[in-house]
Amino acid sequence: HALGALEQLQRELREIEPQLPLRVLALHATAPGLRMTAGVRRLAPDADAPYIAPHHVALEFAASSRWPDDLVALHKVKAAFLLRLAECYAAAHPHAQVSVADALMGCRAADGVLPAPDACFLDIRHATLGLAFRLTLRIDHERLLLDRRVAMLSRAPQMHMQHAAAQKALAHWTLAHERRPMHHRRMVALALRFPAALPPAVRLLKRWLACHMLLSAHSVPEELAELLVAHVFTAACDLPPVSPVAGFLRALHVLAHWRWAADVCLVDYARATTEDSADEAVHVLRPRGMSPEARAAIDAAFERNAQNSGLRVASEDDPEAAWFGCVPPVLTRRLAVLARAALACVARCLSTGDDSLAPVFSPPLSDYSFLLRLDRRIVCRRDEQPAHASKDPVQPVEVFKNLVHPGAPAARALDRSRPNPFGHPGLVGFDPVELYVRDLHAVYGHAIMFFVDVYGGDVVAGLWNPKVTQGPLGFAATCRANLRPAADEEVQGEGKRKDARYNAPAVIDEI
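Points about the pattern of salt bridges
- One pass over the structure, following the stated rule, counts 21 salt bridges.
- The partner of Glu 17 in a salt bridge is Arg 14, and the shortest N-O contact between them spans 3.3 Å.
- Glu 17 gets classed as buried once you look at its relative accessible area, which sits at 17%.
- The class of Arg 14 is partly exposed, set by a relative accessible area of 34%.
- With its nearest N and O atoms 2.8 Å apart, the salt bridge here joins Asp 317 to Arg 186. Of this pair, Asp 317 sits in the loop between strand E9 (314-315) and helix H9 (329-352) while Arg 186 sits in helix H4 (residues 160-193), placing them 131 residues apart in sequence.
- A cluster of three or more residues bridged by salt bridges with shared partners is formed by Arg 35, Lys 206, Glu 222 and Glu 226.

Some thoughts on the nonpolar core
- Grouped together as the largest cluster of nonpolar side chains are 52 residues, with contacts concentrated most on Leu 205, Trp 208, Leu 209, Leu 255 and Leu 335.
- Mapped onto this core, the elements with two or more residues apiece are H4, helix H5 (198-211), helix H6 (222-234), helix H7 (244-257) and H9.
- Beyond its immediate sequence surroundings of up to four residues, Leu 205 is in contact with Ala 225, Leu 228, Val 229, Phe 248, Ala 251, Leu 252 and Leu 255.
- Counting 43 residues, the second-largest nonpolar core is a separate cluster that includes Ala 29, Leu 71, Cys 120 and Leu 170.

As for unusual backbone geometry
- Phi angles above zero are rare outside glycine, and Met 213 is one such case at about 60 degrees.
- Note on placement: Met 213 falls in the loop between H5 and H6.
- The residue Ala 321 is not glycine, and still its phi comes out positive at about 55 degrees.

Things to note about the environment of Asp 367
- In this structure, Asp 367 sits in the loop between H9 and strand E10 (370-373).
- Separated by 96 residues in the primary sequence, Asp 367 and Leu 463 have C-alpha atoms spaced 8.6 Å apart.
- Those residues in contact with Asp 367 that sit more than four places away from it in its chain are Arg 334 and Leu 463.
- Engagement of the side chain of Asp 367 in a polar contact is seen with the side chain of Arg 334, the distance being 2.8 Å.

A short note on empty space enclosed by the protein
- Scanning the model with the defined rule gives two cavities of 30 Å³ or more in all.
- Taken as a whole, the largest cavity spans an internal volume of roughly 80 Å³.
- Looking at the largest cavity, it is lined by 14 residues, and the ones nearest its centre are Val 264, Phe 302, Arg 312, Ala 314 and Ala 321.
- When residues of the lining of the largest cavity are assigned to their parent elements, the largest contribution, three residues, is made by helix H8 (residues 292-304).
- In terms of residue class, the lining of the largest cavity is made up of 10 nonpolar, one polar and three charged.
- Roughly 60 Å³ of volume is contained in the second largest cavity.
- Taken together, Met 182, His 183, Leu 227, Tyr 269, Val 313, Ser 315, Asp 317, Asp 318, Trp 323 and Phe 324 make up the lining of the second largest cavity.
- In terms of residue class, the lining of the second largest cavity is built from six nonpolar, two polar and two charged.

Regarding H9
- Across its 24 residues, H9 extends 35 Å between first and last C-alpha, which sits within 8% of the 34 Å expected from 1.5 Å per residue.
- Taken together, the buried positions of H9 are occupied by Leu 331, Thr 332, Arg 334, Leu 335, Ala 336, Leu 338, Ala 339, Ala 342, Cys 345, Val 346 and Cys 349.
- On its buried face, H9 sits against H5, H7 and strand E11 (448-452).
- Just beyond H9, the residue with positive phi is Gly 353, at close to 80 degrees.

Comments concerning the sheet that holds E10
- With respect to topology, three strands assemble into an open sheet ordered E10-E12-E11, the strand pairing being antiparallel. On the outer flanks of this sheet lie E10 and E11, each paired with one strand and no other. Between one strand axis and the next, the sheet turns by 25 degrees as a mean value, whatever way the strands run.
- Strand direction decides the pairing type here: E10 and strand E12 (residues 459-464), joined by four bridges, are antiparallel. Bridge pairing in E12 places Leu 372 opposite Val 460.
- Where helix H11 (residues 432-444) meets the sheet, it contacts E10, E11 and E12, and its direction lies at approximately 170 degrees from that of E11.

Rules used in this analysis
Residues numbered from 1 in each chain as written. Predicted model: local features only at pLDDT ≥ 70, side-chain atom pairs only at ≥ 80, totals over all residues. Heavy atoms only, no water. Salt bridge = Lys/Arg side-chain N within 4 Å of Asp/Glu carboxyl O. Buried < 20%, exposed > 50% of the residue type's maximum accessible area, 1.4 Å probe, protein only. Helix = DSSP H or I, 4+ residues; strand = E, 2+ residues; numbered from the N terminus. Core = buried A, V, L, I, M, F, W, Y, C linked by side-chain atoms within 4.5 Å. Contact = heavy atoms within 4.5 Å. Polar contact = N/O pair within 3.5 Å; in protein donor to acceptor, adjacent residues only side chain to side chain. 1 Å grid on protein atoms, 1.4 Å probe; cavity = no way out; pocket = protein on both sides within 12 Å on 5 of 7 lines; lining within 4 Å. Points joined across faces, edges and corners; volume = space filled by probe spheres on them. Nonpolar A, V, L, I, M, F, W, Y, C, P; charged D, E, K, R; others polar. Expected span 1.5 Å × (residues − 1). Pairing = 2+ DSSP bridges. Axes fitted to C-alpha atoms, helices over the stretch in contact; angles between N-to-C directions.

Written out as structure tokens, the structure reads:
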């Protein structure tokens, strides 16, 4: 459904191409829903849906030498292109919902603001299919300008903050317009090679990670979860799984028993393609396999990073396993414990004949330092939770229709059908829980690790960093943490006094 909508959108953009300043070269999709690996199978949302998931697509125009050489000016030209595209598309399709967003509205080049590559975008709600597409512009000239800016600022030590911001913008551009589109094409090829097993196995693994609040950019990115399942289907030592459940269980086995510091975990994309046998009398399709040069590059990169014991998956495209980051060792160990418990639960169900696998997808909330219970009325993705999911072990009994307990099944059904709580129908990609957790990471990420179920979870779990919260700290005017004076018996050390402690109760109150 989503792939058909993308093809129809591409045809519609081709039709209005004569009205645009430049010719449209290609559409580069990066959304999991456009490669059949989204954790939630979303249907076309209605006009008052509380959450409308955007399908991210990068729009590439033909090359031109008239792009400005200033990043802010280039951003303004990109916004003008998107406004023109929105005007032409709305005229050709009056029933579609079209809107343009610009994060730098009102900023000038003299303000010193460095725009992000996706700071302006175009949202299109398709008229007939109802899906939402978020279009950004891929302009190679922007990559050139960012390279120049990084090189220029690297020669000015006094501008280290501007240099870090430029490096971050360059990394963002590379991730959005080079790495994610390449990963998308690779996963589409694998999904077409194993259509009945790989996409559902990826969705099962993502759901399992999300239920344990470990599927996020700060824990396990979606792309890394997809690479882990791709490793299972392209491993040279085993035949590919023939069912989604087999692929999911093999991925859990990798999480439970893989030695990340000793063995390289890689995806052999070449094994997803086949070649004819050399013997013409025997028409057999055999997997090609990775070239020796590519494998040597992966092994050399693994040796350079041998001290890293976190979860990482390499490939021929990414020998360093750095495209989508590495899972921290503490979370890698957490994944191993949860995976072993899940496999033990499955084995117990198989031996006893019990068909209840709910414990596999039930998070142990007691392991966290604190829990933040959110108001379910603002959890706009609550309908993505399983219908039988319940946070309370005992279900309240419904007595009267007009006196329904908030945890009762009828109340949860009413909660699912509640319209948009924000009063603005048609909000695309607006998830207040995601924005809230992102701000928490930005402010308190040095001292707290935050976890949330991205598929409509109403609990945010926190885990203190003992190096920050339990150790002595030196007070300084530039310290960006909530500190308290240490008691006399807590003061330690010689020379420079470390007479402050992290004020954890006050931080909880701030949150």
